[in-house]
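Summary of the model geometry
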Amino acid sequence: MFKEYDVIVVGAGHAGCEAAAAAANLGSSVLLITMNMMNMAQMSCNPSMGGVAKGQIVREIDALGGYSGIVADHTMIQFRMLNRSKGPAMWSPRAQNDRMLFSTKWREILEGIPNLDFWQDMVLDVLVRNGRVSGVITGMGQEIHSKAVVLTNGTFLNGIIHIGEKKFSGGRIGESASVGLTSCLVKLGFASKRMKTGTPVRVDGRSIDFSKLEEQAGDEVPGKFSYTDTPALKQQRSCFIAYTNPEVHETLKKGFDKSPMFTGRIEGIGPRYCPSIEDKINRFADKTRHQLFVEPEGWNTIEYYINGFSSSLPDYIQFEALQKVPGFENAKIFRPGYAIEYDYFPPEQLEYSLETRLVGGLFFAGQINGTTGYEEAAAQGLMAGINAHQKVSGNSPFVLGRSEAYIGVLIDDLITKGIDEPYRMFTSRAEYRILLRQDNADLRLTEKGYHLGLASELRLSALNKKKQNLNDLITFIRNHPVEPSLVNNLLETLDTSPLAQRSKLLSLVLRPQVSLFNLIEIIPGLAEFKTKMPEVFTEIFEEAEIQLKYESYIQKEEEIVNKLARFENIELHPDFDYRKLTSLSFESREKLTKVKPRTLGQASRISGVSPADISVLIVYLGR
């Protein structure tokens, strides 16, 4: 029934969809195996894409030629740019999406890729021959051969769902867990551990009194994720904010003795930054209320997601507590919240390409590596799909550095530092976040995607046009003279000092009170730029203003990157015996032997390796 494929992708979540699309678009023959073809790229938890640092990742996926941003744009019901009150390095796009449309759009895209095939089944084992992967065995007994395999199993590996004292097998509620694959991988020599995540109660919107909630509308002028010509959002659905209270907390506490988290029935570690409601009231006992975000699941549904009310308490306790939240007195629920415990494989077992060190041609991506979040999973899927193609084509791995992308930070953190809790991306994890902004992802990555063969000629052409327009605009701002009489009235309204003499336009743009958008109608020449590029003028003007206002900070960060690059590029042999360097600390020898860093730069970021240890390595390498 089956030919030999170049790449088999196991699992059709966010990681699997990006991996299959990337490998197939690059020219590999790909088979995508999933247990349920109706749930491709399912938004298992909250129906949204992006957020703090996550939005930057979605932009990077898009810039490289992936699809998460395109699908998000086609299915969004609300858009907000978060952290506008802070500096542009912190700005993060976030969209609320239609859950069902999101999955449907992903399937439509995948079915439009000619050399991508599908098979609905469970994968039970990985075939290995002479240290290299050679295919998979499925639940229906099919032995399917390939040159590379990408595992993106999400929360399905030996998944167990917990609701109070009830527990049952499942990868998501209503879906079977994947059983057998973990033990097969462990037999091959892989180490596995357990993790836990959760999801909140879903509520019938007809039973919510929205007059008691705070409305949270989208941006007045909504943006988007993709740099391609995706449709603009013309209307939006609002989200809402509700609050718990002491009565809610006391009701929840009645179920603590039946909580699988507090009684020890859950062994896996949960996400620190997305705790359950019972964990919040236990850890932050001094707080009299917690914020809840009430989010619609789509355009044409009455179902609402209660963000912040994740729980594994008994269903009747969840229901009783929810009805004590103002606005939810008469709430009806579709299903309770639950916790899910599943297997993952510590990511120190991977190369930077996401290929496993033990088995050639076998790649791991997504929650199997201990991450949490659609965006982190999609980014890993994209990189694993690219590198699976590179592997079977005999090409070098495609790797992004920490100064090039949040995706580079994500993968470096996983492999170098390891994890002891579900990994979630934050802007604080990126030491070069001034360079890694959401607005410049295409400037950083589209050429790389094009040279790989993933980003299209059309994308590159649009990028070059953007660069030219941006350079022209910046040159104009640097050199154009401005008369005081033109701008002093505006400066007075903006509460900034007037011009005493003719000055360059740049001097005005550098003022924190002044935006380039304030000046469009009063500075001759600026309006011409708006006319010349009406579709993208907002994007170009914003980019120019950021580059000029933060020029000194950007240059300083680029200098640091260049200074450290010489260490980053000094290669270390993966089989080097660090134990013979007795000048290294015992902990350093242990960590270096375990991680097997690829470069001196990676070695310097390993927890437990001190600057003195790096000096020892430099001296040794010098010899």
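Our subject in this report is the structure included herewith. (Residues numbered from 1 in each chain as written. Predicted model: local features only at pLDDT ≥ 70, side-chain atom pairs only at ≥ 80, totals over all residues. Heavy atoms only, no water.)

**Comments concerning the overall build of the protein chain**
Basically, it comes down to this: Each helix is a run of H or I in the DSSP string that is no shorter than four residues. Each strand is a run of E no shorter than two, and both are numbered from the N terminus. The globule rule used for comparison is 2.2 Å times the number of residues to the exponent 0.38, while the radius of gyration itself is calculated over C-alpha atoms. Each residue's exposure class comes from its accessible area (1.4 Å probe, protein chains only) as a fraction of the maximum for that residue type: buried when under 20%, exposed when over 50%, partly exposed otherwise. The contact criterion used is simple: two residues touch if any of their non-hydrogen atoms lie within 4.5 Å. Calculation of accessible area relied on Shrake-Rupley with a 1.4 Å probe; when residues are assessed, cover is drawn exclusively from the protein chains displayed. Neither His nor the chain ends is counted toward charge; the positive residues are Lys and Arg and the negative residues Asp and Glu. One atom stands in for each charge, and that atom is NZ of Lys, CZ of Arg, CG of Asp or CD of Glu.
Helix and strand counts for the protein chain stand at 21 helices and 21 strands. What you see for the protein chain is a C-alpha radius of gyration of 26 Å, in line with the 25 Å of a compact globule of 623 residues. The buried share of the protein chain, taken over its 623 residues, is 57%. When contacts within the protein chain are restricted to residue pairs at least 6 apart in sequence, long-range pairs at least 24 apart make up 72% of them. Taken as a whole, the protein chain presents about 26200 Å² of accessible surface, with 50% of it coming from carbon and sulfur. Charged side chains in the protein chain number 71 positive and 74 negative. The centres of these two groups are separated by 3 Å.

**A look at the packing of aromatic side chains**
To keep it simple, the criterion reads: A pair of Phe, Tyr and Trp rings is counted when the ring centres sit within 6.5 Å of each other, with Trp represented by its six-membered ring. The angle between the planes then sorts it: under 30 degrees is stacked, over 60 is edge-to-face, the rest tilted. Look at NZ for Lys and CZ for Arg. If either is within 6 Å of the ring centre and within 35 degrees of the ring normal, a charge sits over the ring.
Across all of its chains, the model carries 15 aromatic pairs by this definition. Measuring from centroid to centroid gives 5.9 Å for Tyr67 and Trp106, while their planes differ by 80 degrees, and the two rings are edge-to-face. You can see Tyr67 sitting in the loop between helix H2 (54-64) and helix H3 (68-75) and its partner Trp106 sitting in helix H4 (residues 99-111), a full 39 residues away along the chain. Note on Phe517 and Phe541: the rings are 5.9 Å apart at their centroids and 40 degrees apart in plane angle, and the pair reads as tilted. Remark: Phe541 occurs in helix H17 (residues 537-549) and Phe517 occurs in helix H15 (residues 516-519); sequence separation between them is 24 residues. For Phe541, a relative accessible area of 0% translates into the label buried. Connected via pairs of aromatic rings, a cluster forms that spans Phe190, Phe345 and Phe364. We note Arg59 situated over the ring of Tyr227; from NZ or CZ to the ring centre the distance is 5.8 Å. Across from the ring centre of Tyr352, 4.7 Å away, lies the NZ or CZ of Arg598, which sits over that ring.

**Thoughts on the packing of H2 against helix H11 (residues 441-452)**
Helix-helix packing is described using two parameters, namely the angle between the two axes and the distance between the axes. Rules: Under this scheme, a helix contributes an axis fitted over its contacting stretch, all axes are lines through C-alpha atoms, and angles between N-to-C directions fall in the 0 to 180 degree range. The crossing is said to be left-handed when, going from far helix to near helix, the turn is anticlockwise and less than a right angle, and right-handed when the turn is clockwise.
At a minimum axis separation of 7 Å, H2 and H11 run at an interaxial angle of 35 degrees. Taken as a pair, H2 and H11 cross one another with a handedness that is right-handed. Residues Arg59, Glu60, Ala63 and Leu64 of H2 touch H11, and the partners they reach there are Ala441, Asp442, Arg444, Leu445, Thr446, Lys448 and Gly449.

**Considerations on helix H10 (residues 406-417)**
We apply this condition: Multiply 1.5 Å by the residue count of a helix minus one, and that product is the helix's expected span.
The end-to-end C-alpha separation of H10 is 15 Å, in line with the 16 Å expected for 12 residues at 1.5 Å each. H10 sits mainly inside the fold: 11 of its 12 residues count as buried. Inspection of H10 places Tyr406, Ile407, Gly408, Val409, Leu410, Ile411, Asp412, Asp413, Leu414, Ile415 and Thr416 among the buried residues, and these make up the whole buried set. Next to the buried residues of H10 lie H2, helix H9 (374-393), helix H19 (586-595) and helix H20 (600-604). A positive backbone phi angle near 70 degrees is found at Gly418, which sits one or two residues after H10.

**Some details on the pattern of salt bridges**
The line we're drawing: Salt bridges are identified by distance alone: a Lys or Arg side-chain nitrogen within 4 Å of an Asp or Glu carboxyl oxygen.
Tallied over the full model, the rule gives 41 salt bridges. In this structure, Arg437 and Asp439 form a salt bridge, with 2.9 Å as the shortest nitrogen-oxygen distance. Neither residue differs from the other here; Arg437 and Asp439 are each classed as buried. A single salt-bridge network, built from bridges that share partners, covers Arg402, Asp412, Asp413, Lys417, Glu431 and Arg605.

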